[in-house]
Amino acid sequence: MAILKEFEDMSDTPLGKLKQVAEAMTVEMHAGLASEGGSTLGMLISSVDNLPTGNEHGLFYALDLGGTKFCLSRVQLGRKKRRVLEQESTEVSIPPHMMVGTSKGLCDFITEELATFVATEGDGDFHISPSRQREMGFSFSCPMTRTSGTPIKCTKHSSSIDGAVDQDLVAQLTQSMKSKGVDMRVAAVVNDTIRTLAGGRYLNNDVVAAVTLGTGTNAAYVECANAISKWHGVLPKSGEMVINMEWGNFRSVHLPLTEYDHALDVESLNVGEQSFGKIISGKYMGDIVRRVLLKMAEEADFFGDTVPSKLRIPFTLRTHEMSAMHHDNSPDLRVVGSILQDILGISNTSLTTRKVVVEVCVIVAERGARLSAAGILGILKKIGRETVKKGVKQKTVIAIDGGVFKHYSELTKCLENTLKELLGEEVKDTVVIEHANDVPRIGAALIAASHSQYNDMKSETGVVVSNQVSSKKGNPFLYISVCIALYFLSRR
Ligand code: BGC
């Protein structure tokens, strides 16, 4: 019980501490926008300077490359605002030898699957006008460079992206598509959290930021372009730019770190990095629980005279098992009992033991949830949405996605309540957390739509399509001429 108590105290996140964490997040955001490498946050400038508005239409493809699989999707967007007429996806597992092979091999494999997928377009209600080239948005779950989408670093390890670090994936994919006769343009390449942001924004104009809370964690948001002082390029006409924060790497003296976090870090493949991610993401939370239980076993014979050997193996207990134990409502904590037995090889546990195990899960989950809420408050502070101006009707929506958020409902509840507590009475109802659901699936396709080569061109109906007020290619004279022509036509 002393071990439990100490862990609880060290993990404590009172509101005052959370506010300090939020403030530190805001400060790091400013620093990261001021200079490259000036912050623990990546604050990476993305290639997205206009998010979907809901006015996009046509057929668009998405490729989402994950750690062990990829997902191909297509979406037919209607002419009515925010009308998804049809959408379809297929998931493909990446064979293990390809995860350690070359990125060219991976791109060739993806292209073959893509060709098969494109060939079934006619089976559904998908159609592309004959004069158009198919366009795709490509997303993956790693930090990447702005223009070519080259993965800078793999923050996940043992994933398909490992072998692609420093490789220009877009160029390689384009090359593979060319050689295999797939006529498709990669219109945009984005991080997975930006994909969530785009999907959220397509459905709801009030979405200003997105958070991923899954195996990995991250946040992305819309920043004023002229606040990015490290950027020396031409400012986008929209005046806005999406920033990939890479918040998993956030570090601050205010983070409540315990001896278990330090041990996890020292034994990890990326020592000293991903401090925030190691507290709040699905990859690590289960292992923190395991480490606490191991100490209890070693120092207090918590599971009997011998230390269960499986408890010594890193990452044996995963976050989804931790979540299942946390949600166990049965009177005898049956689920906890069977997870201890099946996963950790610990049999015949008493109800008291099981209760303590649940308490450890609760401490880890609540710390993660409350710190995530503090991180979100940091973003709101940066964009001036943590207060409301008198008389101004303000709505701020944060789109969240990821397995932890989707399936760990106790954690999700705690995150939402904490954010409300942090915002206070006056502001709390102006900020909404929205689960992104299956929108991220088509998020990359939506970005392809808002960055289409055909935007601002004459559409098949003869009307100028301009869903990017800010488009660099926009031709205001052509637009005005067509408006005048339409005006006179309508008067005849
Ligand atoms: C990566 C981010 C990604 C997040 C969610 C993190 O490990 O660094 O780029 O957005 O996981 O998948």
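Everything discussed here concerns the structure shown above.
Since this is a predicted model, take the numbers as computed values, not measurements.

> Could you give an account of the packing of helix 1 (residues 2-10) against helix 9 (residues 282-300), with specific residues and numbers?
Orientation of helix 1 relative to helix 9, taken along the N-to-C sense of each, is 150 degrees, at an axis distance of 10 Å. Considering the relative orientation of helix 1 and helix 9, their crossing is right-handed. Only Ile288, Val292, Lys295, Met296 and Glu299 of helix 9 make contact with helix 1, whose side of the interface consists of Ile3, Leu4 and Phe7. In terms of residue class, the contact of helix 1 with helix 9 is built from six nonpolar, no polar and two charged.

> Before we move on, can you summarise the packing of helix 2 (residues 15-34) against helix 12 (residues 351-382) with the specific residues and values?
Their axes nearest at 8 Å, the elements helix 2 and helix 12 cross at an angle of 50 degrees. Looking at the two axes, helix 2 sits oblique to helix 12. For the crossing formed where helix 2 meets helix 12, the hand is right-handed. Residues Leu15, Leu18, Val21, Ala22, Glu23, Met25, Thr26, Met29, His30 and Leu33 of helix 2 pack against Arg370, Leu371, Ala374, Gly375, Leu377, Gly378, Ile379, Lys381 and Lys382 of helix 12.

> Requested: an account of the pairing of strand 3 (residues 69-77), with residues and values cited.
Within strand 3, eight of the nine residues are buried, leaving the element largely enclosed by the surrounding structure. Here strand 2 (residues 58-65) pairs with strand 3 via eight bridges, running antiparallel. Along strand 3, the bridge assignment pairs Phe60 with Val75. One ladder, built from nine bridges, connects strand 3 with strand 4 (residues 84-93); its direction is antiparallel. Paired with Leu72 across the strands is Thr90, a residue of strand 4. In this structure, the hairpin formed by strand 3 and strand 4 is closed by a connection of six residues, where Arg82 is found at a positive phi of approximately 55 degrees.

> Can you tell me about the sheet that holds strand 2, naming the residues and giving the values?
Reading across the sheet, the five strands line up as 4-3-2-5-6 and stay open at both edges, with mixed pairing between neighbours. Each edge of the open sheet carries a strand with a single partner, namely strand 4 and strand 6 (184-191). Each strand of the sheet is rotated relative to its neighbour by a mean of 20 degrees, with strand direction disregarded. Docked against the sheet, helix 6 (residues 192-203) engages strand 2, strand 3, strand 4, strand 5 (134-140) and strand 6, running at close to 105 degrees with respect to strand 6.

> Which residues make up empty space enclosed by the protein, and what are the values?
In the structure shown here, the tally under the stated rule is two cavities of 30 Å³ or more. By volume, the largest cavity is sized at about 80 Å³. Considering the residues around the largest cavity, the lining is formed by Leu44, Ile45, Ser46, Ser47, Met144, Thr145, Arg146, Val189, Val190, Asn191, Ile194 and Asn244. Counting only elements with at least two residues in the lining of the largest cavity, the list comes to strand 1 (44-45) and strand 6. Each residue belonging to the lining of the largest cavity can be placed in one class, and the counts come to six nonpolar, five polar and one charged.

> An account of the environment of Thr196 is requested, with residue identities and associated values reported.
Tracing the sequence through the fold places Thr196 in helix 6. Overall, Thr196 belongs to the buried group, its relative accessible area being 1%. In the structure, Thr196 is positioned 246 residues away from Ile442 in sequence and 8.8 Å away in space, judged by C-alpha atoms.

About the cut-offs
Per chain, the residues get numbers from 1 upward, laid out in the order the sequence is written. Side-chain atom pairs in this predicted model are given and counted only at pLDDT of 80 or more, local residue features only at pLDDT of at least 70, and totals for whole chains, interfaces and linings cover all residues. Water and hydrogen atoms were dropped before computing side-chain values, which therefore reflect all heavy atoms in the structure. All axes are obtained by fitting lines to C-alpha atoms, using only the stretch in contact for helices, and the reported angles, taken between N-to-C directions, cover 0 to 180 degrees. Starting at the N terminus, helices and strands are each numbered in turn, a helix being any DSSP run of H or I of at least four residues and a strand any DSSP run of E of at least two. Handedness of a helix crossing follows the sense of rotation of the near helix relative to the far helix, less than a right angle counterclockwise being left-handed and clockwise being right-handed. Contact definition: two residues touch when any of their heavy atoms are within 4.5 Å. Residues are grouped as follows: nonpolar covers Ala, Val, Leu, Ile, Met, Phe, Trp, Tyr, Cys and Pro; charged covers Asp, Glu, Lys and Arg; every other residue, Gly included, is treated as polar. Roughly parallel here means an angle under 35 degrees, roughly antiparallel means over 145, roughly perpendicular means 65 to 115, and every remaining angle is called oblique. Only protein chains enter the calculation, and the probe is 1.4 Å; a residue is then buried if its accessible area is under 20% of its type maximum, exposed if over 50%, and partly exposed in between. For two strands to pair, DSSP has to find at least two bridges joining them. Buriedness for pockets is judged along seven lines, at least five of which must meet protein on both sides within 12 Å for an open set on the 1 Å grid over protein atoms alone, while cavities are sets there where a 1.4 Å probe fits but cannot get out, and lining residues have an atom within 4 Å of a point. Grid points are joined across faces, edges and corners, and a volume is the space filled by probe spheres set on the points.

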